[in-house]
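Chains, contacts and geometry: an overview
In case you want the letters, here they are:
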Amino acid sequence: MTALQTLLGAALLTLLAACAPAVTAAQPGRIVNTQSGAEGTVSFTRGTLSPRLGDPFAPDNATLTIGGRTYTGRTYLIGGGSLPGGLGVSVAFGTSNVSGEPTAVAAQTRVDAGRPVPAYTGNLIARAEGEPPALLTCTLTVDTRERGVGECIDGAGVRYALQF
């Protein structure tokens, strides 16, 4: 690949990135009923999945839709935990040539477990209006980029899995 082709490729990527829409809305995740396999969506207001002082009157920041019902509620997260990091691979090469001595060449590779990723744990209590009223209580694990997993249980004991 020539330098001109590389430069044109970089310019094209820059132009495409400038035209991409900014992500400001909540990104939907999934909720799955573990008994029936029914799937739905879950979304959180962006910027609200971090530890904060508990305010029992804070506005709802979560919406879950499954089985024709929409649940709304708020999260409460606490910090201090971490998730295992991904694998890291390092490759290094080096040479040395000192006048009057033979040239030294060295190569090294290393695979390690990576650094732990900071995470928050907490819960979500969400309710659905209408008849009959319904409640989901969930436990959550969330990373600093507001991605996570969780498990919910409803009043009848049915479990749900969350990915967001």
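In this text, all values refer to a predicted model and were calculated from it rather than measured experimentally.

Time to look at the overall build of the protein. Across its full length, the protein carries one helix and ten strands. Starting at the N terminus, the α and β elements of the protein follow one another as α-β-β-β-β-β-β-β-β-β-β. A fraction of 47% describes how many contacts in the protein between residues 6 or more apart in sequence connect residues 24 or more apart. Accessible surface, the protein: about 11200 Å² in total, of which carbon and sulfur atoms supply 60%.

For the rest of this paragraph, the subject is the state of the cysteines. Using the criterion set out here, one finds one disulfide in the structure. The residue that forms a disulfide with Cys-138 is Cys-152, at a sulfur-sulfur distance of 2.0 Å. Disulfide Cys-138-Cys-152: the torsion about the S-S bond is 100 degrees, which places it as right-handed. Placement of Cys-138 in strand S8 (residues 134–143) and of Cys-152 in strand S9 (residues 148–154) is noted, with a sequence separation of 14 residues between them. The pair Cys-138 / Cys-152 is uniform in exposure class, with both members buried.

Turning next to the pairing of strand S10 (residues 159–163). For a regular strand, side-chain orientation follows a simple rule: the groups alternate between the two sheet faces. The two faces of S10 differ: Tyr-160 and Leu-162 on one face are buried, but Arg-159, Ala-161 and Gln-163 on the other face are not. Two elements, S9 and S10, share five bridges in a ladder whose sense is antiparallel. Counted as the bridge partner of Ile-153 is Arg-159 from S10. Between the antiparallel neighbours S9 and S10 lie four residues, among them Gly-157 with a positive phi of about 90 degrees.

Turning our attention to the environment of Phe-57. As for its position among the elements, Phe-57 is in the loop between strand S2 (39–44) and strand S3 (62–66). The class of Phe-57 is exposed, set by a relative accessible area of 74%. The spacing of Phe-57 and Arg-74 is 17 residues in sequence and 9.7 Å in space, taken between C-alpha atoms.

Another point: the nonpolar core. Membership of the largest hydrophobic core comes to 23 residues, with the highest contact counts inside it found for Leu-64, Leu-140 and Leu-162. Element by element, the count of residues in this core is highest for S8, at five residues. Residues within four places of Leu-140 in sequence aside, it is in contact with Phe-44, Thr-75, Leu-77, Tyr-120, Thr-121, Gly-122, Asn-123, Leu-124, Val-149, Gly-150, Leu-162 and Phe-164.

For the coordinates displayed, the defined rule picks out five salt bridges. Put simply, Asp-60 and Arg-74 hold a salt bridge, and the shortest N to O gap is 3.2 Å. Residue Asp-60 is found in the loop between S2 and S3, and its partner Arg-74 is found in strand S4 (residues 69–83); the two are separated by 14 residues along the sequence. On the basis of relative accessible area, Arg-74 is assigned to the partly exposed category, the value being 27%. Residues Glu-151 and Arg-159 are paired through a salt bridge, measuring 3.3 Å at the closest nitrogen-oxygen approach. When salt bridges that share partners are traced, they join Asp-60, Arg-74 and Arg-127 into one network.

Moving on: the packing of aromatic side chains. Summed over the entire model, instances satisfying the criterion amount to one aromatic pair. A ring pair is formed by Phe-44 and Phe-164, whose centres lie 4.7 Å apart and whose planes are at 55 degrees; its orientation type is tilted. Here Phe-44, found in strand S2, pairs with Phe-164, found in the segment after S10; they are 120 residues apart in sequence, far enough to count as distant. Each member of the pair, Phe-44 as well as Phe-164, carries the same accessibility label: buried.

Moving on to the confidence of the model for the protein. With 64% of its residues at a pLDDT of at least 70, the protein reaches an overall mean of 80. By mean pLDDT, the top-scoring element of the protein is S10 (98), and the lowest-scoring one is helix H1 (residues 3–19) (54).

What counts as what
Residues numbered from 1 in each chain as written. Predicted model: local features only at pLDDT ≥ 70, side-chain atom pairs only at ≥ 80, totals over all residues. Heavy atoms only, no water. Helix = DSSP H or I, 4+ residues; strand = E, 2+ residues; numbered from the N terminus. Contact = heavy atoms within 4.5 Å. Areas by Shrake-Rupley, 256 points an atom, 1.4 Å probe, with all protein chains shown as cover. Disulfide = S-S within 2.5 Å. Buried < 20%, exposed > 50% of the residue type's maximum accessible area, 1.4 Å probe, protein only. Pairing = 2+ DSSP bridges. Core = buried A, V, L, I, M, F, W, Y, C linked by side-chain atoms within 4.5 Å. Salt bridge = Lys/Arg side-chain N within 4 Å of Asp/Glu carboxyl O. Phe/Tyr/Trp six-rings, centres within 6.5 Å; stacked < 30°, edge-to-face > 60°. pLDDT = per-residue confidence, 0-100.

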